[in-house]
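Chain by chain, the residues run as shown.
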There are 2 protein chains.
Amino acid sequence: MTELVVKPLTPRAREIVAAARELLEHEGADALTMRRLAERLSIRAPSLYKHLPDKAALEAAVIATGLEDLAAVLEAALIAEAEPLVALAAAYRAFALSHPHLYRLMNDRPLPRDQLPAGLEERAAAPLLRAVENQTCARAVWAFAHGMIMLELAQRFPQGADLDAAWREGVTALQARADYSRQQSKGLD
Amino acid sequence: MTELVVKPLTPRAREIVAAARELLEHEGADALTMRRLAERLSIRAPSLYKHLPDKAALEAAVIATGLEDLAAVLEAALIAEAEPLVALAAAYRAFALSHPHLYRLMNDRPLPRDQLPAGLEERAAAPLLRAVENQTCARAVWAFAHGMIMLELAQRFPQGADLDAAWREGVTALQARADYSRQQSKGLD
DNA sequence: GTCTATAGTGGGATAGAC
DNA sequence: GTCTATCCCACTATAGAC
């Protein structure tokens, strides 16, 4: 019954994960192979398996570091801001665009929830929930932000499109809805 | 100067592209290999290269069929609808969820624009532009829809999350903004 | 239009010695 | 903790015969 869901990494494993994240961020997802990673660490690929069970565990550990960083960035954005949603959107966007390959790894497949520290996913989601106080609104805002980022990273917007304007448009629209639904629920108290 | 940008496919090539799309849709992007495709057609992989120059051309042709279908679906959704944006969102979502692997292939990388029929991308975008009459709004709506779909396909929403509600929230919010900006620009006429 | 043969590259992973 | 040796897999693509 009492099951250790997430095994802590050894110090050496943490070094390997850090190198994996660097490799991913600098050279993209295709470059994140056990061979390339070993090369970066100046060891042989098979040695990696003494520290991490397989590639999935490596990716999960990289994702975990990304979620920690994202959570920290969003928490910081929320401190003493007059317009929390605007600040959150800017911080989320900045994080994604500074770490495009990491962002994709974190978000374009199911989270390896059973290999993540307990509560981490919730911690990353919490700032947005605090800002809009409504799960449904929060999901809509997240989807908008995620869509803007993915379309920008995939170069699907036309050359020269004013993406700042599109962000303002979406955030403004959803902010207004969030304010409205906040008022609605106050009326029920 | 007069350059044929897109070479028309031979009938046999079209059969191959149709088979490729079926393979993609039924078994996912990883299954779309020249070998698997040949196997499905009961020929050998090298034979494919007599009909299509390489895998990139095959993918571009599959993407083109997807864009044609999407454009048709969106055009149909716009006919005689009291709430065009609501209808468009529903049609876009239905298309994406009925063809998840195709949708990803179409949207998570840069479009191979030089291998697509002229005007096709614009044709797929036109219905939304007609519905909101404002490029910036249109981009925000597209991003919202794309984000909802990608997060749903990646199973990033919690089990049991009310996604219909999130769609309504986003579409309502952006509809209101679009109406507002339509009024603003009418004032300037 | 299809074939066989094959080149060239790359991937994840294991066994067992040191 | 690292190594060598190795397995087995898969992929795109080309050459040249039929």
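Data block above holds the structure.
Residues numbered from 1 in each chain as written. Chains lettered and ligands numbered in written order. Predicted model: local features only at pLDDT ≥ 70, side-chain atom pairs only at ≥ 80, totals over all residues. Heavy atoms only, no water.

Peer 1: What exactly am I supposed to notice about the overall build of chain A here?
Peer 2: Regarding its fold elements, chain A presents nine helices and zero strands. Overall, chain A is about 60 × 50 × 25 Å in size when its C-alpha atoms are taken along their principal axes. Burial analysis of chain A (189 residues in total) assigns 48% to the buried set. Of the contacts made within chain A by residues no fewer than 6 positions apart, 65% connect residues no fewer than 24 positions apart. Put simply, chain A shows about 10000 Å² of open surface, and 53% of that area lies on carbon and sulfur atoms. Charge separation in chain A, taken as the distance between the mean sites of 22 positive and 25 negative side-chain charges, equals 5 Å. (Helix = DSSP H or I, 4+ residues; strand = E, 2+ residues; numbered from the N terminus. Buried < 20%, exposed > 50% of the residue type's maximum accessible area, 1.4 Å probe, protein only. Contact = heavy atoms within 4.5 Å. Areas by Shrake-Rupley, 256 points an atom, 1.4 Å probe, with all protein chains shown as cover. Lys, Arg positive; Asp, Glu negative; His and termini not counted. Charge placed at Lys NZ, Arg CZ, Asp CG, Glu CD.)

Peer 1: Is there a simple way to explain the protein's contact with DNA strand D in this structure?
Peer 2: If you check the shell around DNA strand D, you find 16 residues, and the closest are Arg12, Arg44 and Lys50 of chain A together with Met34 and Arg35 of chain B. Among the atoms of DNA strand D lying within 4 Å of the protein, the sugar-phosphate backbone contributes 59%. Arg12 of chain A is positioned such that a nitrogen or oxygen atom in its side chain is 2.9 Å from a phosphate oxygen of DNA strand D. Between a phosphate oxygen of DNA strand D and a main-chain N or O atom of Lys55 of chain B, the distance comes to 3.0 Å. When residues of the surface near DNA strand D are traced back to their parent elements, those giving at least two are helix 3 (45-48) of chain A together with helix 2 (34-40) of chain B. Its residues assigned to classes, the surface near DNA strand D shows five nonpolar, four polar and seven charged. (Near = heavy atom within 4 Å. Polar contact = N/O pair within 3.5 Å; in protein donor to acceptor, adjacent residues only side chain to side chain. Nonpolar A, V, L, I, M, F, W, Y, C, P; charged D, E, K, R; others polar.)

Peer 1: So what exactly am I meant to see when it comes to the relation of the copies chain A and chain B here?
Peer 2: Screw-axis analysis of chain A against chain B gives a translation of 0.0 Å along the axis, an RMSD of 0.1 Å, and a rotation angle of 180 degrees. Each copy turns onto its partner about a two-fold axis. (Least-squares fit on C-alpha atoms with pLDDT ≥ 70 in both.)

Peer 1: Got a minute to help me understand the protein's contact with DNA strand C in this structure?
Peer 2: Around DNA strand C lies a shell of 16 residues, among which Thr33, Met34 and Arg35 of chain A together with Arg44 and Lys50 of chain B are the nearest. If you look at DNA strand C and keep only atoms within 4 Å of the protein, 53% of those are sugar or phosphate atoms. Between a base nitrogen of DNA strand C and a side-chain N or O atom of Arg35 of chain A, the distance comes to 2.9 Å. In the environment of DNA strand C, a phosphate oxygen lies 2.5 Å from a nitrogen or oxygen atom belonging to the backbone of Arg44 of chain B.

Peer 1: What should I look at first to understand the interface of chain A and chain B in this one?
Peer 2: One frequently used descriptor of interface size is the decrease in accessible area upon assembly of the parts. Taken together, the contact pairs 36 residues of chain A with 36 residues of chain B. Together, the buried faces of chain A and chain B total about 3300 Å²; carbon and sulfur atoms form 63% of this surface. The largest share of the area that chain A buries against chain B comes from Arg139, Arg156 and Glu169 of chain A, three residues that together contribute 23% of it. Summed over the shared surface of chain A and chain B, the number is two salt bridges. Between Glu169 of chain A and Arg177 of chain B there is a salt bridge whose closest N-O contact spans 3.2 Å. Here chain A and chain B share eight residue pairs in polar contact (both at pLDDT 80 or more) between them. At the level of elements, helix 6 (100-107), helix 8 (135-153) and helix 9 (163-187) of chain A are the ones that each hand at least two residues to the side of chain A that touches chain B. The element best represented in the side of chain A that touches chain B is helix 8 of chain A, accounting for 12 residues. For the side of chain A that touches chain B, the per-class residue count stands at 19 nonpolar, seven polar and 10 charged. (Buried area = accessible area lost by both parts, 1.4 Å probe. Salt bridge = Lys/Arg side-chain N within 4 Å of Asp/Glu carboxyl O.)

Peer 1: Please clarify how the side chain of Asp108 of chain B should be interpreted in this entry.
Peer 2: Among the secondary structure elements, Asp108 of chain B is positioned in the loop between helix 6 (100-107) and helix 7 (120-132). A residue is classified by how much of its surface remains accessible, and Asp108 of chain B, at 17% relative accessible area, is buried. Here the side chain of Asp108 of chain B touches Arg109 of chain B through a polar contact of 3.2 Å, side chain to side chain. Setting aside residues no more than four positions away along its own chain, Asp108 of chain B makes contact with Arg104 and Ala154 of chain A together with Met150 of chain B.

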